[in-house]
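Here's the letter readout for the chains.
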Amino acid sequence: MATPWRWAAAALLLIVWAALPPVRGFSLPLQRPADCGGHRYFDISRLACAPCGAHQRPSAGGSSCVCQPGYRMVSSNGGSSVVCEKCPENMTGVTQDGWNCITCPKGLTSEGTCKCPNNEILVERSIDGILLDEAFCLHCNGSEQSFSASDASGNRCVRCEQTFINASKSCDCSSPNILTGGLCFSAGENLPPKGVATVRFAQLGITLTSAWFLKNLQSSASACWLYSNLTACQALGNMCVMNVNSLSYSSTDACGLFQYIYVNTARLGIAHSVAFWRHNLPWLYYGDRPGLASQVLEANNVPTVFSFKGTDKDVKLQFIAASFDAAGNFLKWQSLEGGILQLCPDTQTKLNAAYAFGTTYQQSCKISVSKILLDFANPIFYDLFLEYNGDNGQQYLWDVPVLNLNLQYSEMFVNQGSNMNSWLLTRRFFLVDALSGKENDLEKLPKVLRIASKITISIRLASHNQRGTIYPPLLTIAYTDVLVENPETQSVMVSFSVSYEMNQSEAQVQTDITLGVLGGLAVLWSLLKTAGWKRRTGSSIIDLQTVLKFLLFYAGDLANVFFIITVGTGIYWLVFFKGQQFVSVLLPLPSQEEDFVTYIACAFSLKALQFLQLLVSQLTVDIFFIDWERPKSRVVKGVEGEGVIKSAAAPVSIWRTYFVANEWNEIQTVRKINPLFQVFAVLFFLEVVGFSNLALMDSSSSLARSSESYIAPWSRILRFGVSAAVWLAVAGLQIIFFSVCYERFVEDKISQFVDLCCVSNISVFLLSHSCFGYYIHGRSVHGHADTNMEEMNRNLKREAENLCSQRGLLPNTDGQTFQMSISRKMRLHYDRIHETLTRRRGPARLLDSSVNTFEQSTRAYNTMNKFLSSFINHAHKEMDYVVKDKLLFERILGMEFMEPIEKSLFYSDEGQSFSDVLYYGNETTLLIFDILFFSIVDLASQSFVLAAILTYLQQEMTSCLCICREPSNMLFGRQNTELL
């Protein structure tokens, strides 16, 4: 029976729910307790300001109302639920709890309660709690035996401060005794000079009187000077640190008083055999004059050994700090792990990564001033040490000096220069000082806030043969002064970093020596290239063109030198830094990488110049396709306009020549590597496999990194070394596969082009220089190639069965490719014919208007074809040639020793070096240019993906330029289609 009722209830609920208005978001104005003013309180239930009732005012906390002076509370339930009643005329005061009216014989406070003079306490009730009609003030007995005075709240009598007793044998510090900072000093004592309670904020140009200094400076200095009071001495030292340790011997500010006491207490001796650490005083300075920094930082190394792989203490920097509050009380020893010095919030793992030895750490963020004031209301001061284990297992501490960039010595910022000998090192520091910037009231917000905006811990490897030892770490700190106006809207950029360095002078010297030696060899090699170029151009005069050509050759060779040095440097640091266990090398700092980046930029610029020269040379090569095909028969045709029928030789098809020219155009950009595969493979290894993680400035050689672990900044040297190594490895594997497998078993486009020329009965005459070039002998051994498929198949079969002569230029040889060194006479004859071919592209006034331009080109082409074919057939005895082999040194140096004076020289070329005018023969230049282009983009953008995309686009654009260009010097190709 219950089930139907349940279904009915559910249906009713659904109906009610459907009738409700749709749920929407709500907004409310943001109000804070400080916004409520003097007549409203902050209602914590409504999170908004509300008015107080009659005769009421906001409480000190601002979250409720209290009665105004002269009124007592009748009832109070918090907030504005307060009922006040005016006190009678004869009882104008109110008890401290606010519930009763009372007569106050010695006046009222601003709050309406009774007040008492110093050393007197207020009594409102009897011992059994009965309220008195009239309050009275009870004097604390300050005489001998009692020595009592009222406490800070005025509610109890307590023993007065010892200095009162010492000075006056009572709790009264009357004249001529001196009362300062709550302490009493006898006028007859030798007090330190009167201190100046000012704090200078140099960045803002402000010097203000600090309420904290005004209250405690003189008393701390006097107690430290007279009684060697440990807490007072620490408090004085802290006030000096709040003045950023600035020294001026003409001033009696906090640091001046500290130095006065330090100098005049030599009788007390020193602590822990440290000459700068006086007994009873904090250790603030490494000497009171600049110049000792080099001795402190480089004279001795920390007596422990660090490694990248080992126990926890070997691979971590164990920093420990002694912490003090502003009053000079020792708080505790605390490890820096957990983000003690890191103002930016982060996970525990990432914060602690700062102290893993060898990990370059960088952290920065922007923090609001309101949060800083909330989290660091009271400054904490630190003395930093490095903890290590001695040979006997005892734990020892090594002091960590501080380089305070804000410190002034005689009004000069001595620590902001790079000259170590001018530095003044200190010991104690703080993170945030919101105390010294308070002018009048210590309970109010400071006028100026001083924040450690930049902290850097520098670790320097000791420059001797003992591996894994370091010099004392150096903590560099820079403070930012903030004028507090609106804490909620103001913010400060802060950073924390740990850097590692070593003396790079030896590596720099070795690099300079290598650069000098290889640069000198590059000069010699460029001179040889220039000499070979002069021989090939047929000129013996050293002119401006020769000098420019030498500079172009030298640019390419010097680019190779820079490339070798940078790749070698990058791989060296990659292998030796990441692979070491006991530390012997550390990465160069970013500032020390500038020379390396300059070398890469020089290599890229010079290689780009060489690459442009390569493109220009491809655009200016003279190519002529010699057609050996002859007419098979004669045809009968009528002569237009004459009505006469004549017989003529049958025309030879031009399509074979077009086909060979097209194939030549296609192999222009054939390379030994596949650019698209190269880019994707490099990206795969860098980004997917994780080789890019090897470029991080940490000691880990792992390829995989957890998302929760700290990611160190990139090293530009390692980044270049990793990318160049991966690029070279992938390219090397591609070239080996291409040469060993692909060209042998799939296709060899260069050899196929030579075969195509032979099958097409077309030879290629190519001049890369005025008197030098390449010849591909494509004359068919069958006499003709313009035939049907059946006959062509029969000819190829005969050739395969050795039933015909061989394809070579010389009888009974297979050599089809040659290097040519032509005589001057042959070149002049070639130019005369070539001039008629190119004249039609000249100015109209130079063209023969009586003859059709097309006919001129056709005649010139036929003349050139006939001349070159007859030249190959030795028909011109005055312009003949001989075939010979190159000498070994000629092959090595890439030049010809013999000059073709009477006869041209054809050098057998089994290596098909005509590919030198193609991409195929310049793979090294292209590969280096691609690597440098990729690296330049990556170093600028810090993105391997963007570098890969732009590198591929660059490859495609330059390839398109070579293939899609107008071949102005291809004597038979696209332009000669006009012949038809």
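Each chain carries its own residue numbering, running from 1 in the written order of its sequence. Totals for whole chains, interfaces and linings use all residues, but because this is a predicted model, local features are given only for residues with pLDDT of at least 70 and pairs of side-chain atoms are given and counted only at 80 or more. Side-chain metrics in this entry use all non-hydrogen atoms of the structure; hydrogen atoms and water are not considered.

A.B. asks: Before we move on, could you go through the overall build of the protein chain and cite the residues and values that matter?
C.D. replies: Put simply, DSSP marks the helices as runs of H or I at least four residues long and the strands as runs of E at least two long, and each gets a number from the N terminus on. Looking only at helices and strands, one finds 22 helices and 35 strands in the protein chain. Burial classes: relative accessible area under 20% of the type maximum marks a residue as buried, over 50% as exposed, and values in between as partly exposed (1.4 Å probe, protein chains only). Split into buried and exposed, the 980 residues of the protein chain put 48% on the buried side. By definition in these notes, contact holds between two residues if any of their heavy atoms fall within 4.5 Å. For the protein chain, long-range pairs separated by at least 24 residues make up 64% of all intrachain contacts whose partners lie at least 6 apart in sequence. Here the protein chain displays about 48,700 Å² of accessible surface, and carbon together with sulfur accounts for 57% of that area. Only the protein chains shown count as cover for residues, and the accessible areas themselves come from Shrake-Rupley with a 1.4 Å probe.

A.B. asks: How would you summarise the side chain of Gln955 if you had to cite specific residues and measurements?
C.D. replies: By the secondary structure assignment, Gln955 is in helix 22 (residues 944-964). Dropping the residues within four chain positions of it, Gln955 is found in contact with Arg671, Pro675, Val679, Trp727 and Asp930.

A.B. asks: Tell me about helix 21 (residues 923-941), and please be specific about residues and values.
C.D. replies: Look at helix 21: 27 Å from first C-alpha to last across 19 residues, which is about the 27 Å you get at 1.5 Å a residue. Just beyond helix 21, the residue with positive phi is Gln942, at close to 55 degrees. To estimate how far a helix should reach, multiply one less than its number of residues by 1.5 Å.

A.B. asks: Mind laying out the pattern of salt bridges, listing which residues take part and the relevant values?
C.D. replies: For this document, the term salt bridge refers to a Lys or Arg side-chain nitrogen within 4 Å of an Asp or Glu carboxyl oxygen. Tallied over the entire structure, the rule returns 25 salt bridges. Arg536 serves as the salt-bridge partner of Glu896, at 2.9 Å between the closest nitrogen and oxygen. Here Arg536 lies in helix 10 (residues 505-537) and Glu896 lies in the loop between helix 20 (888-893) and strand 35 (904-908), a separation of 360 residues in the sequence. Like Arg536, Glu896 is buried. Arg716 serves as the salt-bridge partner of Glu594, at 3.0 Å between the closest nitrogen and oxygen. Separated by 122 residues along the polypeptide, Glu594 in helix 12 (residues 594-619) and Arg716 in helix 15 (residues 716-745) bring together distant segments of the chain. Judged by its relative accessible area of 39%, Glu594 falls in the partly exposed class. For Arg716, a relative accessible area of 21% corresponds to the partly exposed category. One network of salt bridges, in which partners are shared, links Arg536, Lys886 and Glu896.

A.B. asks: I'd like a description of the environment of Ala197, backed by residues and values.
C.D. replies: Its location among the elements puts Ala197 in the loop between strand 14 (183-185) and strand 15 (198-201). Between the alpha carbons of Ala197 and Thr252 there is a distance of 8.9 Å; along the sequence they are 55 residues apart. Beyond its immediate stretch of four places on either side in the chain, Ala197 contacts Leu208, Thr209, Ser210, Phe213, Leu214 and Leu217.

A.B. asks: Talk me through the packing of aromatic side chains; I want residue IDs and the actual numbers.
C.D. replies: Aromatic ring pairs are defined here through the distance separating the ring centres and the angle between the ring planes. Here is the rule: rings of Phe, Tyr and Trp (six-membered ring for Trp) pair when centre to centre is within 6.5 Å. Planes less than 30 degrees apart are stacked, more than 60 are edge-to-face, and the remainder are tilted. Summed over the entire model, instances satisfying the criterion amount to 48 aromatic pairs. Note on Trp727 and Phe934: the rings are 5.1 Å apart at their centroids and 45 degrees apart in plane angle, and the pair reads as tilted. Remark: Phe934 occurs in helix 21 and Trp727 occurs in helix 15; sequence separation between them is 207 residues. Residue Trp727 shares its accessibility class with Phe934, and that shared class is buried. Ring geometry for Phe765 versus Tyr830: centroids 6.1 Å apart, planes at 35 degrees, classification tilted. Placement of Phe765 in strand 31 (residues 762-767) and of Tyr830 in helix 18 (residues 824-838) is noted, with a sequence separation of 65 residues between them. Exposure remark for Phe765: the relative accessible area of 1% places this residue in the buried category. Residue class for Tyr830 comes out buried when judged on its relative accessible area of 1%. Whether a charge lies above a ring is judged from NZ of Lys or CZ of Arg, which has to be within 6 Å of the ring centre and within 35 degrees of the ring normal. Positioned over the ring face of Phe324 is Arg428, at 4.3 Å from the centre of the ring.

A.B. asks: Can you explain the state of the cysteines? Please cite residues and give values.
C.D. replies: The disulfide definition used here is simple: a pair of cysteine sulfur atoms within 2.5 Å. Throughout the structure, instances matching the rule amount to nine disulfides. The side chain of Cys224 participates in a disulfide bridge whose partner is Cys233; the two sulfur atoms lie 2.0 Å from each other. An S-S torsion of about 100 degrees defines the bridge between Cys224 and Cys233 as right-handed. Here the two residues Cys224 and Cys233 agree in accessibility, since each one is buried. Between the sulfur atoms of Cys240 and its disulfide mate Cys255 the distance is 2.0 Å. An S-S torsion of about 100 degrees defines the bridge between Cys240 and Cys255 as right-handed. With a gap of 15 residues between them, Cys240 in helix 4 (residues 230-242) and Cys255 in helix 5 (residues 254-263) connect regions that are remote in the sequence. Judged by its relative accessible area of 0%, Cys240 is buried. The thiol of Cys758 is not disulfide-bonded; the next cysteine sulfur, from Cys757, is found 8.6 Å away.

A.B. asks: Give me the sheet that holds strand 32 (residues 772-776): which residues, what numbers.
C.D. replies: Within the open sheet, the six strands sit side by side as 28-31-32-33-35-34. Their pairing is mixed. If you trace the sheet from one side to the other, it starts and ends with strand 28 (622-627) and strand 34 (881-884), each paired once. Averaged over neighbouring strand pairs, the angle between their axes works out to 25 degrees when direction is ignored. The pairing of strand 33 (residues 817-821) with strand 35 spans four bridges and is classified as antiparallel. When the bridges of strand 35 are listed, Ser821 appears paired with Leu905. Of the strands in this sheet, strand 28 and strand 31 touch helix 13 (residues 655-666), which is tilted by about 145 degrees from strand 28. Note on pairing: DSSP must find at least two bridges between two strands before they are called paired. To obtain each axis, a line is fitted to C-alpha atoms, and for helices this fit is confined to the stretch in contact; angles are then taken between N-to-C directions over 0 to 180 degrees.

A.B. asks: Residue-level account of the pairing of strand 19 (residues 361-368), with values.
C.D. replies: Residues of strand 19 alternate between two faces, with Tyr361, Gln363, Cys365 and Ile367 buried on one and Gln362, Ser364, Lys366 and Ser368 left unburied on the opposite face. Sheet analysis places strand 19 next to strand 27 (residues 491-501), joined by eight bridges and oriented antiparallel. Pairing of Lys366 across the sheet is with Met493, part of strand 27.

A.B. asks: Can you lay out the pairing of strand 35 for me, pointing to particular residues and giving the numbers?
C.D. replies: Here strand 35 lies mainly inside the structure; four of its five residues are buried. Summarising the sheet, strand 34 and strand 35 pair through four bridges and their orientation is parallel. Bridge pairing in strand 35 links Val883 to Phe906. Read from strand 34 through helix 20 to strand 35, the crossover connection turns out right-handed. Orient the strands so they point away from the viewer, and a crossover whose first-strand-to-second-strand path over the helix runs clockwise is right-handed.

A.B. asks: If you had to explain the nonpolar core to someone new, which residues and values would you point to?
C.D. replies: If you look at the biggest cluster of nonpolar residues, it comprises 152 residues, and the most contacted ones within it are Leu317, Phe319, Phe429, Leu449 and Leu475. Aside from chain neighbours lying at most four places away, what touches Leu449 is Val369, Ile372, Leu373, Val432, Asp433, Ala434, Thr480, Asp481, Val482 and Val484. One finds Ile626, Ile654, Leu809 and Tyr861 within the second-largest nonpolar core, a separate group that totals 25 residues. In this description, a nonpolar core means a group of buried Ala, Val, Leu, Ile, Met, Phe, Trp, Tyr and Cys residues linked to one another through side-chain atoms lying within 4.5 Å.

A.B. asks: Explain the packing of helix 11 (residues 544-579) against helix 15 to me, using residue names and the numbers behind them.
C.D. replies: Between helix 11 and helix 15, whose axes approach to 8 Å, the crossing angle comes to 105 degrees. Here helix 11 is positioned roughly perpendicular relative to helix 15, judged by the angle of their axes. In contact with Thr566, Val567, Thr569, Gly570, Ile571, Trp573, Leu574, Phe577 and Lys578 of helix 11, helix 15 contributes Ile717, Leu718, Phe720, Gly721, Val722, Ala724, Ala725 and Leu728. The labels follow the angle: roughly parallel below 35 degrees, roughly antiparallel above 145, roughly perpendicular from 65 to 115, and oblique for the rest.

A.B. asks: An account of the side chain of Asp433 is needed here, citing residue identities and associated values.
C.D. replies: As for its placement among the helices and strands, Asp433 is situated in strand 24 (residues 432-433). We count Lys and Arg on the positive side and Asp and Glu on the negative side, and we leave His and both chain ends out. Buried charge Asp433 goes without a salt bridge, the closest partner of opposite sign being Arg450 at 5.3 Å. Pairs of N or O atoms within 3.5 Å make up the polar contacts considered here, provided that, within protein, one atom can donate a hydrogen while the other can accept it, and that residues adjacent in sequence are counted only when both atoms are side-chain atoms. Within polar-contact distance, the side chain of Asp433 engages the backbone nitrogen of Leu435 at 2.9 Å. When near neighbours in sequence (up to four residues on either side) are disregarded, Asp433 contacts Met242, Pro379, Val448, Leu449 and Arg450.

A.B. asks: So what's going on with the packing of helix 4 against helix 5? Residues and values would help.
C.D. replies: Contact geometry of helix 4 with helix 5 gives a least axis separation of 8 Å together with a crossing angle of 135 degrees. Judged on the interaxial angle alone, helix 5 and helix 4 are oblique. Here helix 4 and helix 5 pass one another in a crossing that is left-handed. Across the interface between the two elements, Leu236, Gly237, Met239 and Cys240 from helix 4 touch Ala254, Cys255, Leu257, Phe258 and Ile261 from helix 5. Gly is put with the polar residues, along with every residue not named as nonpolar or charged; the nonpolar set is Ala, Val, Leu, Ile, Met, Phe, Trp, Tyr, Cys and Pro, and the charged set is Asp, Glu, Lys and Arg. Looking at the contact of helix 4 with helix 5 residue by residue, the class counts come to eight nonpolar, one polar and no charged. For any helix crossing, the convention is left-handed if the near helix is rotated counterclockwise from the far helix by under a right angle, and right-handed if that rotation is clockwise.

A.B. asks: Now, about helix 3 (residues 211-227): what can you tell me, with residues and values included?
C.D. replies: Between its first and last C-alpha, helix 3 extends 24 Å over 17 residues, near the 24 Å set by a 1.5 Å rise per residue. For helix 3, the buried fraction is high: 13 of the 17 residues fall into the buried class. Just downstream of helix 3, Ser228 is the residue with a positive phi angle, here 50 degrees.

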